Amino acid sequence: MGDMVVVRKEGLFCVPGNFYIDPWRPVDRAVITHAHGDHARVGHGHYLAAAPGVDILRSRLGEITIDGLAYGERITHNGVTISLHPAGHVLGSAQVRMECGGEVWVASGDYKVEPDATCAPFEPVRCDTFITESTFGLPIYRWQKQQEVFDDINAWWRKNAEQGRPSVVFAYSFGKAQRILSGLDASIGPIVCHGSVEPLNRVYRAGGVDLPPTVLVTDIDKAALKTAMVVAPPSASGSTWMRRFGDYSDSFASGWMLLRGARRRRGVDRGFVLSDHADWPGLMSAIQSTQAEKVIVTHGSIPTMVRWLCQQGYEAKGFDTEFGDEDESTAPEAKEMKESKKAAEETTPDAPEAADA
Amino acid sequence: MREFARLYAELDETTATNRKLDALQQYFAAASPENAAWAVYFLAGGKPRQAVPSKLLREFAIEYAMLDEWLFEECYQAVGDLAETVALVLPPPENESDVGLAVWMEERIGPLRGADPATVREKLLAYFNELTARERFLLVKLIGGGFRVGVSKLLVTRALASMAAVDSKLIAQRLMGWTDGSVAPTATGFLRLIAEQSDDEHKLRGGQPFPFFLAHQLQGEPAALGDLAEWQVEWKYDGIRAQLVRRSEQSFVWSRGEDLITERFPEVAAIRVPEGTVIDGEILVWHDGPAPFADLQKRIGRKTLSAKLLAELPAVLLAYDLLELDGVDLRALPQHERRALLQTLVRDAAQPALQISPLVEAESWDALSTIRMESRARGVEGMMLKARNAQYGVGRTKDVGTWWKWKVDPYSIDAVLIYAQAGHGRRASLYTDYTFAVWDDDEAGERKLVPFAKAYSGLTDAEIAKVDNAIRKTTIEKFGPVRSVKPSMVFEIGFEGIALSTRHKAGIAVRFPRILRQRFDKTVDDADTLDTLKGLLAAAHE
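Throughout, a residue's number is its position along its own chain's written sequence, starting from 1. For this description, chains carry letters from A and ligands carry numbers from 1, given in the order in which they are written. Totals for whole chains, interfaces and linings use every residue, but because this is a predicted model, local features are given only for residues with pLDDT of at least 70 and side-chain atom pairs only at 80 or more, for both listing and counting.

**With respect to the overall build of chain A**
So, step 1. Helix and strand assignments come from DSSP, with helices taken as H or I runs of at least 4 residues and strands as E runs of at least 2, each series counted from the N terminus. When helices and strands are counted, chain A shows nine helices and 18 strands.
So, step 2. Based on the C-alpha atoms only, the size of chain A along its principal axes is roughly 65 × 45 × 40 Å.
So, step 3. Exposed residues have 12 or fewer other C-beta atoms within 10 Å of their own C-beta, buried residues have 20 or more, and partly exposed residues fall in between, where C-beta atoms are placed from the backbone. Each of the 357 residues in chain A was classed as buried or not, and the buried ones make up 49%.
So, step 4. Contacts are defined on C-beta atoms placed from the backbone: any two residues whose C-beta positions lie within 7 Å are in contact. Considering only intrachain contacts with a sequence separation of at least 6, the fraction spanning at least 24 residues in chain A is 58%.

**Quick look at the pairing of strand β5 (residues 277-285) of chain B**
Residues and elements named next belong to chain B.
So, step 1. Along β5, nine of the nine residues are buried, which leaves the element largely enclosed by surrounding structure.
So, step 2. Across seven bridges, strand β3 (residues 240-247) lies against β5 in antiparallel orientation. Residue pairing across strands places Leu244 opposite Ile279, the latter belonging to β5.
So, step 3. Sheet topology note: the β5/strand β6 (residues 315-325) ladder contains eight bridges and is antiparallel. Following the sheet pairing, Asp280 is matched in β6 by Asp321. When DSSP finds two or more bridges between two strands, those strands count as paired.

**Observations concerning the sheet that holds strand β7 (residues 74-77) of chain A**
Note: strands within a sheet are paired through backbone hydrogen bonds, in either parallel or antiparallel orientation.
Residues and elements named next belong to chain A.
So, step 1. Spatially, seven strands are ordered β7-β8-β9-β10-β11-β17-β18 in an open sheet, and the strand pairing comes out mixed. The open sheet is flanked by β7 and β18 (315-318), the only strands paired with a single partner. When the angles between neighbouring strand axes are averaged without regard to direction, this sheet yields 25°.
So, step 2. The sheet contact formed by β7 and strand β8 (residues 80-86) spans four bridges and is antiparallel. Note on method: axes are straight lines fitted to C-alpha atoms, helices fitted across the in-contact stretch only, with angles between N-to-C directions ranging 0 to 180 degrees.

**A word on the interface of chain B and chain A**
So, step 1. With 22 residues of chain B at the contact, the number on the chain A side is 16 residues.
So, step 2. A per-element tally of the side of chain B that touches chain A places helix α5 (residues 69-79) of chain B first, with five residues.
So, step 3. Ten residues, namely Ala, Val, Leu, Ile, Met, Phe, Trp, Tyr, Cys and Pro, are considered nonpolar, four, namely Asp, Glu, Lys and Arg, are considered charged, and the remaining ones, Gly among them, are considered polar. Residues that form the side of chain B that touches chain A fall into these classes: nine nonpolar, seven polar and six charged.

**A look at helix α20 (residues 461-474) of chain B**
All names here are of chain B.
So, step 1. The span one expects for a helix is its residue count, reduced by one, times 1.5 Å. An ideal rise of 1.5 Å per residue puts 20 Å on 14 residues; α20 measures up with 20 Å between its terminal C-alpha atoms.
So, step 2. Taken together, the buried positions of α20 are occupied by Ile464, Val467, Asp468 and Ile471. Around the axis of α20, the buried residues are gathered within 105° of arc, so they sit on the same side. Residues of α20 that are exposed and point over 90 degrees away from its buried face: Ala462 and Lys473.
So, step 3. On its buried side, α20 packs onto β11 (411-422), β12 (431-441), β14 (475-479) and β15 (482-485). Working note: the arc is built from the helix axis to C-beta atom directions.

**Thoughts on the sheet that holds strand β15 (residues 249-253) of chain A**
All names here are of chain A.
So, step 1. What the five strands build is an open sheet, ordered β13-β14-β12-β15-β16; its pairing is parallel. Bordering the open sheet on either side are β13 (191-193) and β16 (270-272), each of which pairs with just one other strand. Recorded for the sheet is a direction-independent mean angle of 25° between the axes of neighbouring strands.
So, step 2. The pairing of strand β12 (residues 167-170) with β15 spans four bridges and is classified as parallel. Directly across from Val168, in β15, lies its bridge partner Asp250.
So, step 3. Contacting β12, β13, β14 (229-232) and β15, helix α3 (residues 176-183) runs over the sheet at an angle of about 160° to β14.

**Remarks on the domain arrangement of chain A**
Residue and element names in this part refer to chain A.
So, step 1. The start and end points of each domain follow an automatic or database-based domain assignment. Looking at the assigned domains, one finds that chain A contains domain 1 (5-140 + 276-326) and domain 2 (146-272).
So, step 2. If you average the C-alpha positions of domain 1 and of domain 2, the two centres end up 29 Å apart.
So, step 3. Opposite the 15 residues of domain 1 that make contact, domain 2 presents 15 residues.
So, step 4. The residue inventory of the side of domain 1 that touches domain 2, partitioned by class, reads seven nonpolar, four polar and four charged.

**Observations regarding the environment of Glu13 of chain B**
So, step 1. Looking at the secondary structure, you find Glu13 of chain B in helix α1 (residues 2-13).
So, step 2. For Glu13 of chain B, a count of 20 C-beta atoms within 10 Å translates into the label buried.
So, step 3. Residues contacting Glu13 of chain B, with those up to four places away along its chain left out, are Asp269 and Arg270 of chain A.

**Observations regarding the nonpolar core**
So, step 1. We define the nonpolar core as any set of buried residues of the types Ala, Val, Leu, Ile, Met, Phe, Trp, Tyr and Cys, connected via C-beta atoms lying within 7 Å of each other. Core analysis: the largest hydrophobic core is formed by 208 residues, its most contacted members being Val231 of chain A together with Ala39, Val40, Leu284 and Leu317 of chain B.
So, step 2. The leading source of residues in this core is β6 of chain B, at nine residues.
So, step 3. Beyond its immediate sequence surroundings of up to four residues, Val231 of chain A is in contact with Val169, Ala171, Ala177, Ile180, Leu181, Ile191, Cys193, His194 and Val197 of chain A.
So, step 4. In this structure, Val416, Ile471, Ala527 and Leu536 of chain B belong to the second largest nonpolar core, which totals 36 residues.

Structure follows, in structure tokens:
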């Protein structure tokens, strides 16, 4: 029997099931692992996703035909038994388990092994073939315990607040922002969220995730900003929106902040190493816990991971995908160019390029 | 080591001068003098020689981390810095320690130099096992000899001055020569550095030079400087800026980088001048005039100077300022008075290796501009304009008078980017180091691109991001860290000098190449040819 999942120009395709997983071109049937833009795109005929992620997908993609599946619930489609299992990446993120003719494949989407308060923890799923991401697939990437990072963030915030200076943390609006919020010590001062973060906070809260109280900048007294923590997307950096905070101290929260070069390029006062992806030991333990014999590596350090896994006795190969354009999946620079291009397009709606796009 | 590692991290984390200053002051307030002495050494730019070859460092780190060599190499490529790679891949330590910086340098790292590999291995693995990631990073930097801190010497001077309540100019003066490797930093030395001003200040100076007075780049037309008669004009030479210090019956030659280079230039060290003399000038290889910098480079590169080399490439000190005479500091005298004393001194000394930098006389700024066009033919970079009544300042200051450098425009040529390599530090994982080529016909008469220069600087971060992107998209092949790319981007490359070279494929070498701009208006076919470069070379040596 051939591979149960292959790469087509539209995306990862489950052959016997005749459906796609996180396709990058419009298809009839799509199973979506999570709502980041590089995995969840508009234009598919029918969507299937984990139930806790349905509202986020709706809020990001608008009118779509979507079914939610509870974690662990099984359905059968064209003879393939499908179930979704927590990936620990963001709210509603899932691994896709596919069983057909006694063989089991699992596509991980993006995942993180360390549990956190904002989503269901990663669940190892036994399989024959495991399709894994590899965003941080090098042994240099080893995360601190998240509580230590939260302690660092709170200590930095407290110090700034004592000096009457706002603290700004740049973090992606969906996922990272809420995870940081969950770790903040709200007794230090008010928490201000950027307009692109707040709607997602609402979805998280509605989904039963406990987040500290947050306000929009328009709802807070200017004097109170001096002790505030501001959570904003990276694209807000350097924008006029930032001006109101005056002499603030800024930081960036991302796994890429582990590297000195990336920290210095970013040019912020602090880099907090906090990622929603698995680090190297996390990738290795996840792969091991699936007991898979075959591993297929997608977006990130494909050649390195494949070579290492082969050395460890796995049958490993890579899939070229179009994942890795949102969240942390690509190094910050490349993405920033995209963002600033997007921003430029948004501000000049009459430009011909914008009309084409 | 722990405190110094913390200081390093704080300096590295912030770009704000005030916060750096705070961090420095906090460190010095708490550090013991022997540790502070070493800290000053590193902060002021001291670079100890490598204690352990990188190859061994790498080998033992790989062993400790239990990685494969290829995997470590992949990591290094992503990080772009050996010390950081080592710090990140090593598993957490089993022990901890808090040993001071001085003990680390003198008793732990120093003895590794020249030790046999088995001893180095044993020590290094034990050190790795007692340090945190931050400290391991520092350890590898200190051992590997490539340590640099993101802080200016000026800021260190300010921090010390405010801590000791001593004038920062005095601290700057005392700091001269501190980073030269020949004297180890000591607690006594540190206490002297921050002591109150004493009457013995001069005697305590020993063979140390004065802080160099640095020139500013002249922007715009010189006529804006007012009356030409108020300016002393000289040629601007392309050599090694140096001070010849004669004190305590001994001669010392210092480079601007504050390295003691006495032994590299025996002719200069042998110049006989009276006790208590300090001359500022330029070291040049001289054959009836200044030889290209490339000739000087041949001397710098050698460990031992053969009699043949000394005869072929004789060096002189071209004197342009007198800072001390009869043991008296002259720096507060006006430029023209120092010049008069210098002329007398050089004439009386009558030494072939000591020449005076001639004054350039002209009636008007316009006439001077015309003379300046001779620069290339004279083997100089342009002119120096020194205010006649300028004192000799400290560093790049303008408070007591100004020196301007009025350089001729650089050479420029349009070349094609053919290879790229990722940078280091702030530029790690970004393709920022480029090799450029020009067209030439090979023996078969076929047009080929020949590499002629590497350049790293000149583009903004945003431009680098775009070029990086283009390089990734047009890569033909990867050779280790280097990528060859499909020739598609043309850049205007500027450089200061041009000389024949047997070491370069193109047969020529250029000095200070940098990127002036990307030529979006030119296709690869429009780039310049090797013949154009050869033409520039011929014109320069007419």
